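Overview (structure and organization)
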Amino acid sequence: MHASRGTQKRSAGLGLALLSAFAFGGSGVAAKPLIEAGLDPLHVVWLRVAGAALIMLPVAWRHRNLVRERPALLAGFGLFAVAGVQACYFAAISRIPVGVALLVEYLAPALVLGWVRFVQRRPVTRAAALGVVLAVGGLACVVEVWAGLSFDALGLLLALGAACCQVGYFVLSDHGGPEAKGRDGREGKGGDGGSVEPPPPLGVIAYGLIVGALVLTVVARPWGMDWSLLGGTAGMNGTGVPAWVLLGWIVLIATVLAYGTGVVSVRMLSPQVAGVVACLEAVIATVLAWVLLGEHLSAPQLIGGFTVLTGAFIAQSSAPKPPSGPVAAGAGAAAAAAESELSAGRASH
């Protein structure tokens, strides 16, 4: 029974990870017309994060105890998983080609494996490692990294900073999840043997967005933005689309839904598996740009997309199996408690 529950949970986690990748992947397609209409890229990022933070304020109020109980987690998630990824990536693409920056950023799954293996000192399966290799190689084809490489040390360092911040997203999303263990190695227990309940994922996201919005306000300086542009239209492959519709997509789908499903999927799977599945974001972004913006896919991009899909499938198949036998009772109770907490977090949305 526990094995069946574990399989169902892994399937649900994979589905949420795919939904998160689709939601994140759609951000660029909606943001590009706004940028071409005259909005500064950093202003688009600020609108995205600040709008999502405003929507999540009721969730933040409901979980206001997290400010007292998990201040470091909330600050880290907002600084690295929200503000850090966005700011470093946009700063990088101002100095190096977008494809190169995207490839460097999506080295994050490999860095996650390094974190799991050498910092957390947990074994990494060969399937997960092979999935990362295939996904990164396929990603190089999707973004056509050979199309315009110009070496800029600071630009590459900024892109690597975005990758490191993305590692923070996966590691912090896993905080308190079924993969998290105390120093004594017992699942669901702290170092003192007491129970450690995972923080509600939507509460962490809500406060992460608030912290990220505050940080990005200093970086983007939105008081200099031309707000009138949001009342006009933006061109999408020759079709005028209201700017507020595109902004609504970016805020609701590409941020609130993307982060929500992403954090829950990391807890259901593992950071290393969810990290490889997240590479599908680049494939989805490329396909959507093809369909909605008229940016055609080349043969190498199609091959690369298939390779990323293959790598993601291999990696997700390496999710840890639940134990069987007499030990399964304790592990099953911990998994049930984590699953109950996740359900409570989703209900709070």
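Residues numbered from 1 in each chain as written. Predicted model: local features only at pLDDT ≥ 70, side-chain atom pairs only at ≥ 80, totals over all residues. Heavy atoms only, no water.

Before going further, it helps to spend a moment on the overall build of the protein chain. Secondary structure assignment for the protein chain yields 16 helices and two strands. Across the 349 residues that make up the protein chain, the buried fraction comes to 51%. Excluding contacts between residues fewer than 6 apart, the proportion of contacts in the protein chain whose partners are at least 24 apart in sequence is 85%. For the protein chain, the accessible area works out to roughly 15800 Å², and carbon and sulfur atoms hold 67% of it. (Helix = DSSP H or I, 4+ residues; strand = E, 2+ residues; numbered from the N terminus. Buried < 20%, exposed > 50% of the residue type's maximum accessible area, 1.4 Å probe, protein only. Contact = heavy atoms within 4.5 Å. Areas by Shrake-Rupley, 256 points an atom, 1.4 Å probe, with all protein chains shown as cover.)

Bringing the side chain of Ser-265 into the picture now. Relative to the helices and strands, Ser-265 is located in helix 12 (residues 243-268). Within the structure, the side chain of Ser-265 is placed 2.7 Å from the backbone oxygen of Gly-262, a separation counted as a polar contact. Those residues in contact with Ser-265, other than ones at most four positions away along the chain, are Gly-13, Leu-16 and Ala-17. (Polar contact = N/O pair within 3.5 Å; in protein donor to acceptor, adjacent residues only side chain to side chain.)

Now for helix 9 (residues 126-142). With 17 residues, helix 9 should cover 24 Å at 1.5 Å per step; its first-to-last C-alpha distance of 24 Å lies within 8% of that length. Those residues of helix 9 that sit buried are Ala-128, Gly-131, Val-132, Ala-135, Val-136, Gly-138, Leu-139, Ala-140 and Val-142. Remark: Glu-144 follows helix 9 within two positions and exhibits a positive phi of approximately 50°. (Expected span 1.5 Å × (residues − 1).)

On to unusual backbone geometry, then. One non-glycine residue with positive phi stands out, namely Arg-221, at about 50°. Here Arg-221 shows up in the loop between helix 11 (201-220) and strand 1 (233-236). The class of Arg-221 is exposed, set by a relative accessible area of 52%.

Time to look at helix 6 (residues 71-93). Across its 23 residues, helix 6 extends 32 Å between first and last C-alpha, which sits within 8% of the 33 Å expected from 1.5 Å per residue. The axis of helix 6 is deflected most strongly, by about 45°, at Gly-84. (Bend = angle between axes of the 7 residues up to and from the residue.)

On to the environment of Ala-278, then. Following the sequence through the fold, Ala-278 ends up in the loop between helix 13 (271-277) and helix 14 (280-293). The exposure class of Ala-278 is buried, given its relative accessible area of 16%. Separated by 16 residues in the primary sequence, Ala-278 and Gly-262 place their C-alpha atoms 8.7 Å from one another. If we skip the residues at most four places from it in the chain, Ala-278 touches Tyr-106 and Phe-170.

In a structure, side chains of opposite charge can pair up when their charged atoms sit close to one another. Here the structure, examined in full by the defined rule, presents one salt bridge. Where Glu-69 meets Arg-68, a salt bridge forms, and the shortest distance between an N and an O atom there is 3.7 Å. Using a relative accessible area of 45% as the deciding quantity, one classes Glu-69 as partly exposed. Taking relative accessible area as the criterion, Arg-68 reaches 62% and is therefore assigned exposed. (Salt bridge = Lys/Arg side-chain N within 4 Å of Asp/Glu carboxyl O.)

What follows covers the pairing of strand 2 (residues 239-242). Direction of pairing for strand 1 relative to strand 2: antiparallel, over a ladder of four bridges. Among the inter-strand pairings, Thr-233 is bridged to a residue of strand 2, identified as Pro-242. Adjacent in sequence and paired antiparallel, strand 1 and strand 2 are bridged by two residues, among which Asn-237 carries a positive phi angle near 55°. (Pairing = 2+ DSSP bridges.)

A few words on the environment of Ala-140. With respect to the helices and strands, Ala-140 occurs in helix 9. For the pair Ala-140 and Gly-305, spaced 165 residues apart in sequence, the C-alpha to C-alpha distance is 9.6 Å. Not counting chain neighbours up to four residues away, the residues in contact with Ala-140 comprise Leu-103, Val-145 and Trp-146.

Right, let's talk about the packing of aromatic side chains for a bit. Applying the stated criterion across every chain yields a total of six aromatic pairs. With a centroid separation of 6.2 Å and an interplanar angle of 50°, the aromatic rings of Phe-77 and Tyr-169 are classed as tilted. Taken together, the residues span a long stretch of sequence, with Phe-77 in helix 6 and Tyr-169 in helix 10 (residues 153-173) at a distance of 92 residues. Of the residues examined, Tyr-169 reaches a relative accessible area of 8% and is grouped as buried. One residue, Arg-64, lies across the ring of Trp-61, its end atom 4.2 Å from the ring centre. (Phe/Tyr/Trp six-rings, centres within 6.5 Å; stacked < 30°, edge-to-face > 60°. Lys NZ or Arg CZ within 6 Å of the ring centre and 35° of its normal.)

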